[in-house]
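Below, each chain spelled out in residue letters.
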Amino acid sequence: MDDGIRTRGRPFDPAVGEAALQATLSLLEERGYVGLRVADVARRAGIGLGALYRRWPDKRTLVLEALRSAASYRDIPPTDDPMADLLAGLEMLGEGLAERSKPLLAVVLSGTDPQLADAVREAKLAPLRAGNRERLRRVVGDVADLDVRADVGPALMILDLIVHGHPPSPQSIREKILPLMLAGHGVTDAGGTEA
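Computed from a prediction, not measured in an experiment: that's the story for all the values here. (Residues numbered from 1 in each chain as written. Predicted model: local features only at pLDDT ≥ 70, side-chain atom pairs only at ≥ 80, totals over all residues. Heavy atoms only, no water.)

Help me understand the overall build of the protein, please; the structure alone is not making it clear to me.
Broken down by element type, the protein carries 9 helices and 0 strands. Reading the protein from its N terminus to its C terminus gives the helix and strand order α-α-α-α-α-α-α-α-α. Excluding contacts between residues fewer than 6 apart, the proportion of contacts in the protein whose partners are at least 24 apart in sequence is 59%. As presented, the protein carries roughly 11,000 Å² of accessible surface, and 54% of it is formed by carbon and sulfur atoms. (Helix = DSSP H or I, 4+ residues; strand = E, 2+ residues; numbered from the N terminus. Contact = heavy atoms within 4.5 Å. Areas by Shrake-Rupley, 256 points an atom, 1.4 Å probe, with all protein chains shown as cover.)

In structure tokens, the structure reads:
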């Protein structure tokens, strides 16, 4: 159907758009929001800078869409061992905090850009929280304080990062954090002791 309106240039290829969003996420994790340059996104994604700006008019819009499209949250597939799954999820969080999540966490904690912080919460923190809660539920059941218990582990890990400059080690997660999440439920922790 010809409505008399013609757009300039080629239509934007969805695969190219996905490459731009993935490049944005990678650079955001490497450099943080302040260090991210749209020209670097275009270069990494193999896209012309003009094409990128036609789709996303500025860096902030590009970053917000990349974060919101990050539904491919890395999660731990459930196994027959709910305790091992819970521990693996906590260790994955620890690795993420050690390697690549500091810039995104800084956005949330700083309060300098509420909309960007909301996007980080929606795209990164909410799926992480939901996965951790479900893994804990498989261990302790539908207890009244499930949400609080599920939040204890990640909260202590983030506190370690803030206070000590690094998240807790896998051993510390097993020996100190996991028992707090399981306390009073007669569940044995990953080391075989009753929490």
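Looking at this model, I keep getting lost on the side chain of Lys 59. Mind explaining?
Structurally, Lys 59 can be placed in helix 4 (residues 59-68). A distance of 3.1 Å separates a polar side-chain atom of Lys 59 from the backbone oxygen of Leu 36. Sequence-distant contacts of Lys 59, that is, excluding residues within four places in its chain, are made with Tyr 33, Val 34, Leu 36 and Val 38. (Polar contact = N/O pair within 3.5 Å; in protein donor to acceptor, adjacent residues only side chain to side chain.)

When you look at the pattern of salt bridges in this model, what are you seeing that I'm missing?
Between side chains of opposite charge, pairing is possible as soon as their charged atoms come close. As enumerated under the stated definition, the model contains 11 salt bridges in all. The closest approach of N and O atoms between Arg 174 and Glu 91, which form a salt bridge, is 3.2 Å. Within this pair, whereas Arg 174 is found in helix 9 (residues 170-182), its partner Glu 91 is found in helix 5 (residues 82-99), the two being separated by 83 residues in sequence. With a shortest N-O distance of 3.0 Å, Asp 145 and Arg 149 are connected by a salt bridge. Residue Arg 149 is classed as buried on the basis of its relative accessible area of 11%. In the salt-bridge network here, residues are joined through shared partners; they are Arg 31, Arg 37, Asp 40 and Arg 43. (Salt bridge = Lys/Arg side-chain N within 4 Å of Asp/Glu carboxyl O. Buried < 20%, exposed > 50% of the residue type's maximum accessible area, 1.4 Å probe, protein only.)

Just checking my understanding: could you explain the nonpolar core for this structure?
Side chains of a nonpolar character, in soluble globular proteins, are inclined to be buried together. Leu 28, Val 41, Leu 52, Val 63, Leu 67 and Leu 116 are the most contacted members of the largest nonpolar core, which has 30 residues in total. Where this core is concerned, the elements lending two or more residues are helix 1 (14-35), helix 2 (38-45), helix 3 (49-55), helix 4, helix 6 (102-110) and helix 7 (114-140). Looking at this core, the element that brings in the most residues is helix 1, giving 7 residues. Other than its neighbours up to four places away in sequence, Leu 116 contacts Tyr 33, Arg 60, Val 63, Leu 64, Leu 67 and Val 107. Grouped together as the second largest cluster of nonpolar side chains are 21 residues, Leu 86, Leu 128, Val 139 and Leu 178 included. (Core = buried A, V, L, I, M, F, W, Y, C linked by side-chain atoms within 4.5 Å.)

Which parts of the structure should I look at to understand the packing of aromatic side chains?
Geometrically, a pair of aromatic rings is defined through the distance of the ring centres and the angle of the planes. Scanning all chains against the criterion turns up 0 aromatic pairs. In this structure, Lys 59 is placed above the aromatic ring of Tyr 33, and the distance from its NZ or CZ to the ring centre is 4.4 Å. (Phe/Tyr/Trp six-rings, centres within 6.5 Å; stacked < 30°, edge-to-face > 60°. Lys NZ or Arg CZ within 6 Å of the ring centre and 35° of its normal.)

How should the packing of helix 4 against helix 7 be read in this particular structure?
Packed helices, taken two at a time, are described by the angle between their axes plus the distance between the axes. In contact at an axis separation of 8 Å, helix 4 and helix 7 are set at 20° when each is read in the N-to-C sense. Taken together, the axis directions place helix 4 and helix 7 in an arrangement best described as roughly parallel. Crossing handedness for the pair helix 4 and helix 7: left-handed. Note on element contacts: helix 7 touches helix 4 through Gln 115, Leu 116, Ala 119, Val 120, Glu 122, Ala 123 and Lys 124, opposite Arg 60, Val 63, Leu 64, Leu 67 and Arg 68. The residue inventory of the contact of helix 4 with helix 7, partitioned by class, reads 7 nonpolar, 1 polar and 4 charged. (Axes fitted to C-alpha atoms, helices over the stretch in contact; angles between N-to-C directions. Parallel < 35°, antiparallel > 145°, perpendicular 65-115°, else oblique. Left-handed = near helix turned anticlockwise from the far one by under 90°. Nonpolar A, V, L, I, M, F, W, Y, C, P; charged D, E, K, R; others polar.)

Would you mind showing me how to read helix 8 (residues 146-164) here?
Residue pairs spaced three or four apart in an α-helix point in one direction, given the helix's 3.6 residues per turn. Given a rise of 1.5 Å per residue, 19 residues ought to cover 27 Å, and the 28 Å separating the end C-alpha atoms of helix 8 matches this to within 8%. Roughly 30° is the biggest bend found in helix 8, and it falls at Val 152, with proline Pro 154 one to four residues downstream. Lining the buried residues of helix 8 we find helix 5, helix 6, helix 7 and helix 9. Taken from the residues just after helix 8, Gly 165 is the one with a positive phi, measuring 85°. (Expected span 1.5 Å × (residues − 1). Bend = angle between axes of the 7 residues up to and from the residue.)

What am I meant to see in helix 5 here?
The first and last C-alpha atoms of helix 5 sit 26 Å apart over 18 residues, in line with the 26 Å expected at 1.5 Å per residue. For helix 5, every residue scored as buried is listed here: Met 83, Asp 85, Leu 86, Leu 87, Gly 89, Leu 90, Met 92, Leu 93, Gly 94, Gly 96 and Leu 97. Among the structural elements, helix 6, helix 7, helix 8 and helix 9 are those in contact with the buried residues of helix 5.

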